[in-house]
Amino acid sequence: METIKLAEKYKNEMIETRRIIHANPELSNKEFETTALIKEKLAESGIETVDIGMKTGVIGIIRGGKPGRTLGIREDIDALPMPEETGLPFSSKNEGVCHSCGHDIHTAVLIYTGKILNEIKDELAGNVMLIFQPAEEGGGGAAQMAAHRYYDVLKPDMYVGLHTAPAIPAGSIGVKYGASGGSADSFTITVTGLGGHGAHPENFVSPVTIAAYLITQMETILARENDPRKPAVLTVGSIHGGTKGNIVPDSVVMQGTMRTLDAQLRLDMKAALKRIVEGCCATMRGKGVLEWDADGVPVLYNDENVTQQIYDSAAKLLGEDHIVVGKEPSMGSEDFSVFFDYGPGAQFSLGTQTPGKPETCYGIHNARNVFDEDSIPVGVGVLVQIARDYLK
Ligand SMILES: [Zn+2]
Ligand SMILES: [Zn+2]
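The shown structure was predicted, so the numbers you read here are calculated from the model rather than taken from an experiment. The residue count restarts for each chain, going from 1 along the sequence in the order it is written. Written order determines the labels here, with chains lettered from A and ligands numbered from 1. Local features are withheld for residues below a pLDDT of 70 in this predicted model, meaning they are given only at 70 or higher, and side-chain atom pairs are given and counted only at 80 or more; totals for whole chains, interfaces and linings count all residues. Side-chain metrics in this entry use all non-hydrogen atoms of the structure; hydrogen atoms and water are not considered.

## Considering the overall build of the protein chain
Formally: Put simply, DSSP H or I for four residues or longer makes a helix, DSSP E for two residues or longer makes a strand, and each gets a number counted from the N terminus. Our radius of gyration is a C-alpha quantity, and the globule rule it is checked against amounts to 2.2 Å times the number of residues to the power 0.38. A simple rule labels every residue: compare its accessible area, found with a 1.4 Å probe on the protein chains alone, to the largest value its type can have, and call it buried under 20%, exposed over 50%, or partly exposed in between. Contacts are assigned to residue pairs that have any heavy atoms within 4.5 Å of one another. With residues, only the protein chains shown are counted as cover, and all accessible areas are computed by Shrake-Rupley using a 1.4 Å probe.
Per the secondary structure count, the protein chain includes nine helices and 16 strands. Against the compact-globule benchmark of 21 Å for 392 residues, the protein chain has a radius of gyration of 24 Å, which places it among compact chains. By the burial criterion, 54% of the 392 residues in the protein chain qualify as buried. Residue pairs in contact within the protein chain that sit at least 24 positions apart in sequence constitute 81% of those at least 6 positions apart. As displayed, the protein chain has an accessible area near 16,900 Å², and 51% of this comes from carbon and sulfur atoms.

## So, the coordination of the zinc ion (ligand 1)
To keep it simple, the criterion reads: Water is absent from the atoms considered, so a metal site may look incomplete; donors are defined as N, O and S atoms within 2.8 Å of the metal, or 3.2 Å for Na, K and Ca. Donor angles set the geometry label: tetrahedral for four donors if every angle is between 85 and 135 degrees, square planar for four and octahedral for six if opposite donors exceed 155 degrees and the others are between 65 and 115, irregular for anything else.
At this site the zinc ion (ligand 1) is bound by Cys101 (SG), Glu137 (OE), Glu137 (OE) and His365 (NE2), with donor distances of 2.0 to 2.8 Å. In this structure, the zinc ion (ligand 1) is surrounded by four donor atoms whose angles at the metal cover 52 to 148°, and the resulting shape is irregular. Mapped onto the sequence, the residues coordinating the zinc ion (ligand 1) show the spacing C-x35-E-x227-H. Between the zinc ion (ligand 1) and the zinc ion (ligand 2), a spacing of 3.1 Å is present, and a bridge between the two is formed by Cys101. Of this pair, Cys101 sits in the loop between strand E3 (66–76) and helix H4 (103–119) while His365 sits in the loop between strand E16 (345–353) and helix H9 (375–390), and the two are 264 residues apart along the sequence. Residue classification places Cys101 among the buried positions, given a relative accessible area of 5%. Given the relative accessible area of 39%, His365 is considered partly exposed.

Just geometry here; none of it tells us what the structure is for.
Below you can see the structure in the form of structure tokens.
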């Protein structure tokens, strides 16, 4: 049967499942009900699941009728800590949590992609690994799956996945060749001086003054060290120290985020920041310690060949006029990139905008954004077509 007909066949069920997930959103690493629902749906379809020792997230395996390569299809399942403001009848029932990044759509898409691929598995030369990843919105879900060696079950030769895109009309997808999303590394800098009475600078070392200089010095990495043709971001978003105007505190703590679109630049900037933190603080008689959070995410680099395969498969299904080729990468991050350390992969954008409806255009991470549900069979169709073409 044609892929488009297969995808349309379950449209009502897909929407129903998506609404259940939407109404019951769960935070990163706490996706217990979502995980149970996915397992239940895969079991109903007769799809084998594998326990890799994680509390949340699911790995499903479809073994094709003929030998061949393995395709990994990865989607994320977690929601965000923000109250929903869409006014939809199936709005979040969990206070302060909502699916404003569209991962409810991702989850429903992957459940039905699996269902359909399992129905046609006899025609597939190779296998499909359905990767339902927890904790994309922080908590390092992709890194956890790698640490639990998901690839020992079956090692995917290629990875694909999608993300909702309110900037693109439903019925269309977007692809981006090469760098698509930034690396993201969170850091904490502790500047230590020597506290005391603000009237006696001769006796004390002010970490407040050091921190102020340090921020301006950090800017020189961007202005005076980096290749200006390679974009990067260094943002200090939080700074805390002291309790009162005439007391010099012992320390100041700053937190920030660093983004790049280049793996080498990411390493170079990490080294430069360490040098400047330690050097600037030492020069001013203090001590600077830089620490990186463990859940840093590499650049989301869409392999050119994989992106071309997505383009070709989607063109068969939707027509070339329904594929938007992105020009500019985003400095936003996506931990799907962690999987690309284990094989080539690419992510595409699933259009979720309803033209003429402003509530579908606010964007992801906006509590008012409404996602067009007609996008769900489109996402399923494209993923099924990619699998059929790859496992021919
Ligand atoms: Zn998000
Ligand atoms: Zn997301």
